[in-house]
Amino acid sequence: MLKYNSVVKQLSKRLYSMSSQEQYIYDKITKQLNPKSLQVADISGGCGSMFSIQVSSEKFKGLSIVKQHKLVNEILKDDIGKWHGLQLKTSSKV
């Protein structure tokens, strides 16, 4: 029972806080885009090799989806090469 409680505590903590990598990505995007909404999730199972990012920013207004994605990719260019994959959803709607 003690091991079960430990696992539940770890999962509960994970549900309410970002990993250091998620926080790093969140901060990097926030600094550049000042988003109205931003979600960053490690979807690799915790190893930090694949992320899902959803971002909405006024800086995307007037840009095509491709240009919005290029803007995010440019912000994360030093990091993306280390990842296995990236799911990216962008929007100019705020």
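Criteria and cut-off values
- Residues numbered from 1 in each chain as written.
- Predicted model: local features only at pLDDT ≥ 70, side-chain atom pairs only at ≥ 80, totals over all residues.
- Heavy atoms only, no water.
- Pairing = 2+ DSSP bridges.
- Helix = DSSP H or I, 4+ residues; strand = E, 2+ residues; numbered from the N terminus.
- Axes fitted to C-alpha atoms, helices over the stretch in contact; angles between N-to-C directions.
- Contact = heavy atoms within 4.5 Å.
- Parallel < 35°, antiparallel > 145°, perpendicular 65-115°, else oblique.
- Left-handed = near helix turned anticlockwise from the far one by under 90°.
- Nonpolar A, V, L, I, M, F, W, Y, C, P; charged D, E, K, R; others polar.
- Buried < 20%, exposed > 50% of the residue type's maximum accessible area, 1.4 Å probe, protein only.
- pLDDT = per-residue confidence, 0-100.
- Arc of directions from axis to C-beta.
- Expected span 1.5 Å × (residues − 1).

> A description of the sheet that holds strand β1 (residues 37-42) should follow, citing residues and the corresponding values.
The 3 strands are arranged β1-β2-β3 in an open sheet whose pairing can be described as mixed. With partners counted over all chains shown, the strands left at the sheet margins are β1 and β3 (85-91), one partner each. The mean inter-strand angle of the sheet, taken between neighbouring strand axes irrespective of direction, is 5°. As paired strands, strand β2 (residues 50-56) and β3 are joined by 7 bridges and run parallel to one another. Its bridge partner being in β3, Ser 56 is matched across the sheet by Ser 91. Running over the sheet, helix α2 (residues 20-33) touches β1 and β2 and is turned about 155° from β1. Along the sheet face, helix α3 (residues 65-75) touches β2 and β3 and points at about 125° away from the line of β3.

> Lay out the packing of α2 against α3 in plain terms, naming residues and giving numbers.
Contact geometry for α2 and α3: axes closest at 10 Å, N-to-C directions at 120°. Considering their axes alone, α2 and α3 lie oblique with respect to each other. In this structure, α2 crosses over α3, and the sense of that crossing is right-handed. Counted together, Lys 28, Ile 29, Gln 32 and Leu 33 of α2 and Leu 71, Val 72 and Ile 75 of α3 form the full contact between these two elements. Considered class by class, the residues forming the contact of α2 with α3 number 5 nonpolar, 1 polar and 1 charged.

> Tell me about the side chain of Asp 79, residues and numbers included.
Tracing the sequence through the fold places Asp 79 in helix α4 (residues 77-80). Of the residues examined, Asp 79 reaches a relative accessible area of 8% and is grouped as buried.

> Now, about the confidence of the model for the protein: what can you tell me, with residues and values included?
On average, residues of the protein score 89 in pLDDT, and 82% of them are at 70 or above. Mean pLDDT values for the elements of the protein range from 56 in helix α1 (residues 2-16) up to 98 in α3.

> Please provide a residue-by-residue account of α3, values included.
Among all positions in α3, only Gln 68, Val 72 and Ile 75 are buried. Seen end-on, α3 carries its buried residues on one side only, within an arc spanning 55°. Exposed residues lying more than 90 degrees from the buried face of α3 are Val 66, Lys 67 and Lys 70. For α3, the elements touching its buried residues are α2, β2, α4 and β3.

> Describe in detail α2, supporting the description with residues and values.
Here α2 is 14 residues long and its end C-alpha atoms lie 20 Å apart, about the 20 Å a rise of 1.5 Å per residue gives. Those residues of α2 that sit buried are Glu 22, Ile 25, Ile 29 and Leu 33. All buried residues of α2 fall inside an arc of 70° around its axis, so they share one side. Exposed positions of α2 whose direction lies more than 90 degrees from the buried face are Ser 20 and Lys 31. Looking one or two places after α2, you find Asn 34, whose phi comes out positive at around 45°.

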